[in-house]
Protein chains: 2
Amino acid sequence: MYSYTEENYLKTIYKLSEQGNDSINTNAIAEVLQTKAASVTDMIKKLADKKLLNYEKYKGVALTDKGRKVAVDTVRKHRLWECFLYDKLKFGWDEVHEIAEQLEHINSEILTDKLDEFLDFPTHDPHGDPIPSKNGVIKKSNFILLCDAKPNQTLVMSGVADHTAVFLQHLNKISVVLGIEMQITEKNEYDGSIAVKLSGNKSMYFSKDVAKNILVKVK
Amino acid sequence: MYSYTEENYLKTIYKLSEQGNDSINTNAIAEVLQTKAASVTDMIKKLADKKLLNYEKYKGVALTDKGRKVAVDTVRKHRLWECFLYDKLKFGWDEVHEIAEQLEHINSEILTDKLDEFLDFPTHDPHGDPIPSKNGVIKKSNFILLCDAKPNQTLVMSGVADHTAVFLQHLNKISVVLGIEMQITEKNEYDGSIAVKLSGNKSMYFSKDVAKNILVKVK
DNA sequence: AAATATTTTTAGGCTTGTCTAAAAATAATA
DNA sequence: TATTATTTTTAGACAAGCCTAAAAATATTT
Ligand SMILES: [Mn+2]
Ligand SMILES: [Mn+2]
Ligand SMILES: [Mn+2]
Ligand SMILES: [Mn+2]
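Residues numbered from 1 in each chain as written. Chains lettered and ligands numbered in written order. Predicted model: local features only at pLDDT ≥ 70, side-chain atom pairs only at ≥ 80, totals over all residues. Heavy atoms only, no water.

## Focus on the pairing of strand 8 (residues 214-218) of chain A
Two faces make up the sheet, and in a regular strand the side chains alternate between them. All names here are of chain A. In the sheet, strand 3 (residues 144-145) pairs with strand 8 via 2 bridges, with the strands oriented antiparallel. Within the sheet, the bridge partner assigned to Leu145 lies in strand 8 and is Leu215. As paired elements, strand 4 (residues 155-160) and strand 8 share 5 bridges and run antiparallel to each other. What sits directly across from Leu155, in strand 8, is Val218. (Pairing = 2+ DSSP bridges. Helix = DSSP H or I, 4+ residues; strand = E, 2+ residues; numbered from the N terminus.)

See below:
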């Protein structure tokens, strides 16, 4: 239906608009897709012709419902494949994204449905991101950043704000995985570092750089 | 490493050379890939430049070891994915090929290895075709066509010569699946039809058109 | 062997997706 | 507000992969 490239553009625009920005500008897209602004303009015109997004010269773009549907479906496939790679093939959570970037473009609705069923209808991917439903609904998670959480609440590690392999590998190294529970015991104004108590009374320190990329849910 | 299209060309040339033909001619490739002879010539030149095949004008092509390796690896991925779709996702054997045509181009050696392990190192795909090993070795099956088999031998249904969905669906309809055993009770010279006895003494007739596309192993 | 038919290659062109360099529009600063 | 800086778009070009039409080579008939 849509090309590998078109899907990647739509997915990128979708993700940028999720991050607050209402109208997405050319350079931001080029940055994410590691391409040139001129190429983005070329593609934007084609996607606008196909009614996948609204475009006004110099004013940026916004997805149409049609475009958003394609984008969300691509995200759905991406996250389902990540579940498959993680749960079934035992890849690490730092390894799944790159392969899913390829698998997300496999075009077969029935395959996606059967994969979903095979995985027992997962709601979140290995990084804690929600998996859109078949009809495009995403249950928004009410996660907060660890650096914004208050002391004396039980927090459940639920996701990451930084999806890079290096960050995920660092979390592996310090044994921080989805599901662990913690309570903040100290927040240091000076450097933004945070001390927490884990279950079993073990304590642990997070630097600001780490704490600002960990998503937690208040239990 | 190699493009979707390059892999398909190499796979096609490989399969044609497996079917006896030593040097593969342009039209045969065009026929399989549903493209034009001129396009085949274009691509052949590029593959020859990359040392994936040997090419002499008007003399046809033959894969180099390098080209054969790429082709066999593509076949390996194709058949492993078919096993996944059939065994794990419960697709019918008439449905797996088309989706595997897409999946075979996913480029990740570790993914292929992990998939192989997840499937418990299958030796044959859902159609009875052998799965090449990681280092490119294919265990040749000594299957024969049902129409060439002799009476009074126990035959095990082991593969198909026709991989089209319509043929596979016909086999579904008459309940012919891999593994069933039979003995030929009658071979009719006139129309090439064959009568067999199945386990449980049920008898069954195969038209020539069907019998010439069923592969059996003598038990 | 000459004529005819078939196969294969070449020539030229099209689409998709990319690029660089330059022009135009917008935003920021003096 | 005028000048400068940044962003965005246009212009022109290129590679991959495909096409049609015509030329060249090979194969088959007569
Ligand atoms: Mn991902
Ligand atoms: Mn992608
Ligand atoms: Mn197949
Ligand atoms: Mn293929």
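After that view of the structure, there is still more to cover.
## Comments concerning the packing of helix 1 (residues 4-18) of chain B against helix 3 (residues 37-49) of chain B
Residue and element names in this part refer to chain B. For the pair helix 1 and helix 3, interaxial distance at closest approach is 11 Å and the crossing angle is 95°. Judged by the angle between their axes, helix 1 and helix 3 are roughly perpendicular. When helix 1 is examined against helix 3, the residues Thr5, Glu6, Tyr9 and Leu10 are found in contact with a partner set consisting of Ser39, Val40, Met43 and Leu47. Classifying every residue of the contact of helix 1 with helix 3 gives 5 nonpolar, 2 polar and 1 charged. (Axes fitted to C-alpha atoms, helices over the stretch in contact; angles between N-to-C directions. Parallel < 35°, antiparallel > 145°, perpendicular 65-115°, else oblique. Contact = heavy atoms within 4.5 Å. Nonpolar A, V, L, I, M, F, W, Y, C, P; charged D, E, K, R; others polar.)

## Regarding the layout of surface pockets
Taking a probe equal in size to a water molecule and rolling it over the atoms shows the remaining empty space. All names here are of chain B. For the largest pocket, the calculated volume is near 1,500 Å³. Counting only elements with at least two residues in the lining of the largest pocket, the list comes to helix 1, helix 2 (26-33), helix 4 (65-88), helix 5 (96-103) and helix 7 (165-173). The greatest single-element share of the lining of the largest pocket, amounting to 8 residues, is contributed by helix 1. Taken together, the residues of the lining of the largest pocket break down into 18 nonpolar, 13 polar and 13 charged. For the lining of the largest pocket, the domains that each give at least three residues are domain 1 (4-63) and domain 2 (144-218). (1 Å grid on protein atoms, 1.4 Å probe; cavity = no way out; pocket = protein on both sides within 12 Å on 5 of 7 lines; lining within 4 Å. Points joined across faces, edges and corners; volume = space filled by probe spheres on them. Domains from an automatic or database assignment.)

## Concerning the packing of aromatic side chains
Under the defined criterion, the tally for this structure stands at 7 aromatic pairs over all chains. With a centroid separation of 6.0 Å and an interplanar angle of 80°, the aromatic rings of Phe84(A) and Phe118(B) are classed as edge-to-face. Of this pair, Phe84(A) sits in helix 4 (residues 65-88) while Phe118(B) sits in helix 6 (residues 109-118), on two different chains. Using a relative accessible area of 0% as the deciding quantity, one classes Phe84(A) as buried. Residue classification places Phe118(B) among the partly exposed positions, given a relative accessible area of 21%. Over the ring of Phe118(A) we find Lys88(A); its NZ or CZ atom is 4.5 Å from the centre of that ring. Its guanidinium or amino end placed over the ring of Phe91(B), Lys114(A) lies 4.8 Å from that ring's centre, counting from NZ or CZ. (Phe/Tyr/Trp six-rings, centres within 6.5 Å; stacked < 30°, edge-to-face > 60°. Buried < 20%, exposed > 50% of the residue type's maximum accessible area, 1.4 Å probe, protein only. Lys NZ or Arg CZ within 6 Å of the ring centre and 35° of its normal.)

## Things to note about the coordination of the manganese ion (ligand 4)
Residue and element names in this part refer to chain B. With distances of 1.9 to 2.7 Å, the protein atoms coordinating the manganese ion (ligand 4) are Asn8 (OD1), Glu101 (OE), Glu104 (OE) and His105 (NE2). The sequence pattern formed by the donor residues of the manganese ion (ligand 4) is N-x92-E-x2-E-H. Accessibility expressed as a relative area gives 21% for Glu101, which makes it partly exposed. Judged by its relative accessible area of 0%, Glu104 is buried. (Donors = N, O, S within 2.8 Å, 3.2 Å for Na, K, Ca; no water.)

## With respect to the protein's contact with DNA strand C
Residues in close proximity to DNA strand C total 21 residues, the closest being Thr35(A), Asn25(B), Lys45(B), Tyr55(B) and Lys57(B). The sugar and phosphate moieties of DNA strand C supply 76% of its atoms located within 4 Å of the protein. With respect to DNA strand C, the side chain of Lys45(B) contributes an N or O atom lying 2.7 Å from a phosphate oxygen. Contributions of two or more residues to the surface near DNA strand C are made by helix 1 (4-18) and helix 3 (37-49) of chain A together with helix 2 and helix 3 of chain B. Of all the elements, helix 3 of chain A adds the most residues to the surface near DNA strand C, at 5 residues. Along the lines of polarity and charge, the residues of the surface near DNA strand C split into 8 nonpolar, 8 polar and 5 charged. (Near = heavy atom within 4 Å. Polar contact = N/O pair within 3.5 Å; in protein donor to acceptor, adjacent residues only side chain to side chain.)

## With respect to the protein's contact with DNA strand D
Close to DNA strand D lie 21 residues; Asn25(A), Tyr55(A), Lys57(A), Thr35(B) and Ser39(B) are nearest. Close to the protein, within 4 Å, the atoms of DNA strand D are drawn from sugar and phosphate at a rate of 78%. A distance of 2.5 Å separates a phosphate oxygen of DNA strand D from a polar atom in the side chain of Tyr55(A). In this structure, Tyr58(A) approaches DNA strand D through a main-chain N or O atom, which is 2.9 Å from a phosphate oxygen. Counting only elements with at least two residues in the surface near DNA strand D, the list comes to helix 2 (26-33) and helix 3 of chain A together with helix 1 and helix 3 of chain B. A breakdown of the residues in the surface near DNA strand D according to their chemical character gives 8 nonpolar, 8 polar and 5 charged.

Spatial relationships are all this shows, so hold off on functional conclusions.
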